[in-house]
Amino acid sequence: MHIPDGLLDPITTIVLWIVTITIMVLGYFRMGKMFEKEDSEKMIPYIGVLAAIIFAFQFVNYPVPGGTSGHLVGGTLVAIILGPWASVIVLFLILVIQSLFGDGGITALGANAFNMGIIGGIVGFYLVMLFVKILNNTSLKKELKVTIATAIGSYIAIVLASFICGIEIGISGTIPIEIAVPAMVFWHILIGIGEAIISALIVFYIYKTKPDFITTESILKVK
Amino acid sequence: MGAIKKYKWPLITILTIFAALMFVIAVGFTIGFLSDNPDGLERVLIDYNGEEWLENLFSPWIPFLSWITNEYVAGIIGIVLSISVLTGTFYLITRLKKRKLS
């Protein structure tokens, strides 16, 4: 879903840059108390590791039926681990590094961070929160509730991001909107399955091995 | 020495995951389960405008790491860059937030 340079018109590009920068600045101030704790420096190497995992998984494409491929976006996954506001900054920086390799455009960074960081991260996180709330009515174990909610939330977030991406392409006049939106959503309904499985497995693994690394547990209100 | 002791486990985790990621990428490229097919957005653009159109989109710059054509090498450099940039940025964020508190 990495938008290359030259695809979006200048107005769409500038508007998405402004929205993304505003949310990142807001994100810095709202990132929570996690980075103000006495031993918060100990989290930093793990954030580096998380970034490496997201980069590597975004780098490798798994096959999807119909002659296309998909890769992890990871916005919701990062948001579950570090919080929704920090996830936008993490995704933006990863996208900057990827653009150095020509994967996603430099002028389209605002749009890519909007789709993958803000929709994938912030919206995805609140979707997970909603599904955790629903699953709290069941007798499932804590880790299973978060894992299932992550799978559903990240799936919906990726399809929603593709919908928004289709609108951006349509507004820019690259492809008529009535073609761009259904086509993007169709492919990402398939691609999203991979996103859901990978995100859920990583969250489940962390819950089993190092649950305190899920820093948003109190916000998610898992019972 | 003290710093190394303090960050022993995070550093071990970084090295272990780095090695694991390298292994996954290497195995993926070797046995070919990773796909070279276009992703969702590329597929939509190719279906409507053609592959040549996509390749000729105007870009205001040449990505300065795009000369690395070997995907395995690009993967290693990208992972190292990601760890460095993200660790550096969040170190600064933590310092700034703590300074503000004190």
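Residues numbered from 1 in each chain as written. Chains lettered and ligands numbered in written order. Predicted model: local features only at pLDDT ≥ 70, side-chain atom pairs only at ≥ 80, totals over all residues.

Observations regarding the overall build of chain B
At step 1: From N to C terminus, chain B includes 5 helices and 0 strands.
At step 2: Ordered by position from N to C terminus, the α and β elements of chain B give α-α-α-α-α. (Helix = DSSP H or I, 4+ residues; strand = E, 2+ residues; numbered from the N terminus.)

Some thoughts on the overall build of chain A
At step 1: Tallying secondary structure elements over chain A gives 8 helices and 2 strands in all.
At step 2: Helices and strands in chain A line up, N terminus first, as α-α-β-β-α-α-α-α-α-α.
At step 3: Computed over the C-alpha atoms, the radius of gyration of chain A is 17 Å, within 12% of the 17 Å expected from 2.2 N^0.38 for a compact globule of 223 residues.
At step 4: Taken along its principal axes, the extent of the C-alpha atoms in chain A is 45 × 35 × 25 Å.
At step 5: Relative to its 223 residues, chain A shows a buried fraction of 61%.
At step 6: Residue pairs in contact within chain A that sit at least 24 positions apart in sequence constitute 74% of those at least 6 positions apart. (Rg over C-alpha atoms; globule rule 2.2 N^0.38 Å. Buried ≥ 20, exposed ≤ 12 C-beta atoms within 10 Å, placed from the backbone. Contact = placed C-beta atoms within 7 Å.)

A word on the confidence of the model for chain B
Residue and element names in this part refer to chain B.
At step 1: Per-residue pLDDT for chain B has a mean of 79; in total, 79% of the residues score no lower than 70.
At step 2: Mean pLDDT values for the elements of chain B range from 65 in helix α1 (residues 2-6) up to 87 in helix α3 (residues 40-49).
At step 3: Reported confidence for the predicted complex is 0.86 by ipTM and 0.89 by pTM. (pLDDT = per-residue confidence, 0-100.)

Quick notes on the packing of helix α4 (residues 84-100) of chain A against helix α5 (residues 109-135) of chain A
Helix-helix packing is characterised by the crossing angle of the two axes and by the distance between the axes.
Residues and elements named next belong to chain A.
At step 1: Between α4 and α5, the shortest axis-to-axis distance is 9 Å and the interhelical angle comes to 150°. With respect to α5, the element α4 is oriented roughly antiparallel. Crossing angle aside, the handedness with which α4 passes α5 is right-handed. Contacts between α4 and α5 pair Pro84, Ser87, Val88, Leu91, Phe92, Leu95, Val96 and Ser99 from the former with Leu109, Asn112, Ala113, Met116, Gly117, Ile118, Gly120, Gly121, Ile122 and Phe125 from the latter.
At step 2: Of the residues that constitute the contact of α4 with α5, the class distribution is 12 nonpolar, 6 polar and no charged. (Axes fitted to C-alpha atoms, helices over the stretch in contact; angles between N-to-C directions. Parallel < 35°, antiparallel > 145°, perpendicular 65-115°, else oblique. Left-handed = near helix turned anticlockwise from the far one by under 90°. Nonpolar A, V, L, I, M, F, W, Y, C, P; charged D, E, K, R; others polar.)

Points about helix α7 (residues 177-209) of chain A
At step 1: In a regular helix each residue adds 1.5 Å, so 33 residues correspond to 48 Å; α7(A) covers 45 Å between its end C-alpha atoms and thus fits that length.
At step 2: The sharpest bend along α7(A) reaches about 35° and sits at Ile189(A). (Expected span 1.5 Å × (residues − 1). Bend = angle between axes of the 7 residues up to and from the residue.)

Regarding the nonpolar core
Within soluble globular proteins, side chains that are nonpolar generally end up buried alongside one another.
At step 1: Counting residues in hydrophobic clusters, the biggest one holds 93 residues, and the most contacted among them are Ala51(A) and Val90(A).
At step 2: Counting only domains with at least three residues in this core, you end up with domain 1 (1-57) and domain 2 (70-102) of chain B.
At step 3: Non-local contacts of Val90(A), meaning those with residues more than four positions away in its chain, are made with Ala51(A), Val78(A), Leu82(A) and Leu86(B). (Core = buried A, V, L, I, M, F, W, Y, C linked by C-beta atoms within 7 Å. Domains from an automatic or database assignment.)

Overview of the packing of helix α2 (residues 43-59) of chain A against α4(A)
All names here are of chain A.
At step 1: Interhelical geometry of α2 versus α4 gives an angle of 50° and a closest axis separation of 10 Å. Between α2 and α4, the crossing angle belongs to the class labelled oblique. Considering how the two elements wind past one another, α2 and α4 form a crossing that is right-handed. On α4, the residues that touch Ala51, Ile54, Phe55 and Gln58 of α2 are Val90, Ile94, Ile97 and Gln98.
At step 2: Broken down by class, the residue content of the contact of α2 with α4 amounts to 6 nonpolar, 2 polar and no charged.

Quick notes on the interface of chain B and chain A
At step 1: Taken together, the 49 residues of chain B in the interface contact 53 residues of chain A.
At step 2: Those elements that place two or more of their residues in the side of chain B that touches chain A are α2 (8-31), α3 and α5 (71-101) of chain B.
At step 3: Counting residues per element, the side of chain B that touches chain A draws most heavily on α5(B), at 18 residues.
At step 4: Of the residues in the side of chain B that touches chain A, the class split is 31 nonpolar, 13 polar and 5 charged.

A word on the environment of Val90(A)
Residues and elements named next belong to chain A.
At step 1: Tracing the chain through its elements places Val90 in helix α4.
At step 2: Residue Val90 is classed as buried on the basis of its C-beta count, with 27 C-beta atoms lying within 10 Å.
At step 3: Spatially, the C-alpha atom of Val90 lies 27 Å from that of Thr68, the residues being 22 residues apart in sequence.

With respect to the environment of Leu65(B)
At step 1: Considering the arrangement of structural elements, one finds Leu65(B) in the loop between α4 (51-55) and α5.
At step 2: Using a count of 17 C-beta atoms within 10 Å as the deciding quantity, one classes Leu65(B) as partly exposed.
At step 3: Between the alpha carbons of Leu65(B) and Gly40(B) there is a distance of 24 Å; along the sequence they are 25 residues apart.
At step 4: If sequence neighbours within four positions are ignored, Leu65(B) has contacts with Leu100(A), Phe101(A) and Ile77(B).

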